[in-house]
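Okay, here's what each chain looks like letter by letter:
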Amino acid sequence: YTIIEYFTLIAMSCFSSAYFSIFLISSILANMSEHGKRISVSPAKKRTLVLSSMLSAFITHLILLCLIFSFNIFILKVNYGQNLPEIIFISILGSIAGISFGLLIGSLIKTSYEIKINLTTFFQLFCCFLSGMMGPSIKYLVDTNFPLINHLNPANMIVDGLYSLQIYDNLNRYNFNIISLILFSTFCLIISVIVIRKQKYAQL
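Rules used throughout
Residues numbered from 1 in each chain as written. Predicted model: local features only at pLDDT ≥ 70, side-chain atom pairs only at ≥ 80, totals over all residues. Heavy atoms only, no water. Axes fitted to C-alpha atoms, helices over the stretch in contact; angles between N-to-C directions. Helix = DSSP H or I, 4+ residues; strand = E, 2+ residues; numbered from the N terminus. Parallel < 35°, antiparallel > 145°, perpendicular 65-115°, else oblique. Contact = heavy atoms within 4.5 Å. Nonpolar A, V, L, I, M, F, W, Y, C, P; charged D, E, K, R; others polar. Salt bridge = Lys/Arg side-chain N within 4 Å of Asp/Glu carboxyl O. Buried < 20%, exposed > 50% of the residue type's maximum accessible area, 1.4 Å probe, protein only.

S.K.: Please give an account of the packing of helix H1 (residues 3-15) against helix H5 (residues 84-108) that cites residues and values.
M.R.: Axis separation between H1 and H5 bottoms out at 7 Å; the angle between their running directions is 50°. Overall, the two elements H1 and H5 adopt an arrangement that is oblique. In this structure, H1 contributes Ile10, Cys14 and Phe15 to the contact, and H5 contributes Ser91, Gly94, Ser95, Ala97, Gly98 and Phe101. Its residues placed into classes, the contact of H1 with H5 shows 5 nonpolar, 4 polar and no charged.

The structure is reproduced here in structure tokens:
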């Protein structure tokens, strides 16, 4: 069970990609920056802007994930065994989930950039807490008594997927968490695009 705490650190690293997308979406919105005002009067489609921002955030965070795994493998000598491809794949999906959530927070909540960052930090820490960062017993307690909470918890999707690779002979539970991450990312992205497309300003 103690390995769950290590997996929550991986989940936190993946979900930290939300900070990149919050910064990028704030630079697109006219009510958040001067750069956003210029973009709002341009003929560029909002959907294209969102997707391109998401792609740039993903590439940047993917580089950071590569550095993290390289450090773990070559410096800390962490042995991921034969599950390394599956671990990398779910980590990439976790990064996408974080980016999608950052887009959702950045577009949906009408407040300052600093408050959006604080809300994201709180959500990230709370999700990691429920998935076992402060002790595996917390994850067990939530999974036993409130399973729906962790089924909707993106950090737990990553942790549970990683943990299932260690204890199960098949990939059924791993695949369930993969599908959950994809659905979470898709939901956040769709809502973000809808909100951004509907934004109108009386004056800039």
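S.K.: Got a sec to walk through the pattern of salt bridges? Specific residues and values, please.
M.R.: If you walk through the whole model with that rule in mind, you get 3 salt bridges. The closest approach of N and O atoms between Asp160 and Lys139, which form a salt bridge, is 3.2 Å. Taken as a pair, Asp160 in helix H9 (residues 154-167) and Lys139 in helix H7 (residues 136-145) lie far apart in primary sequence, 21 residues in all. Both residues of the pair, Asp160 and Lys139, belong to the buried class. Asp160 serves as the salt-bridge partner of Arg173, at 2.6 Å between the closest nitrogen and oxygen. Note that Arg173 is positioned in helix H10 (residues 172-198) and Asp160 in helix H9, a separation of 13 residues in sequence. Note on Arg173: relative accessible area 29%, which makes it partly exposed.

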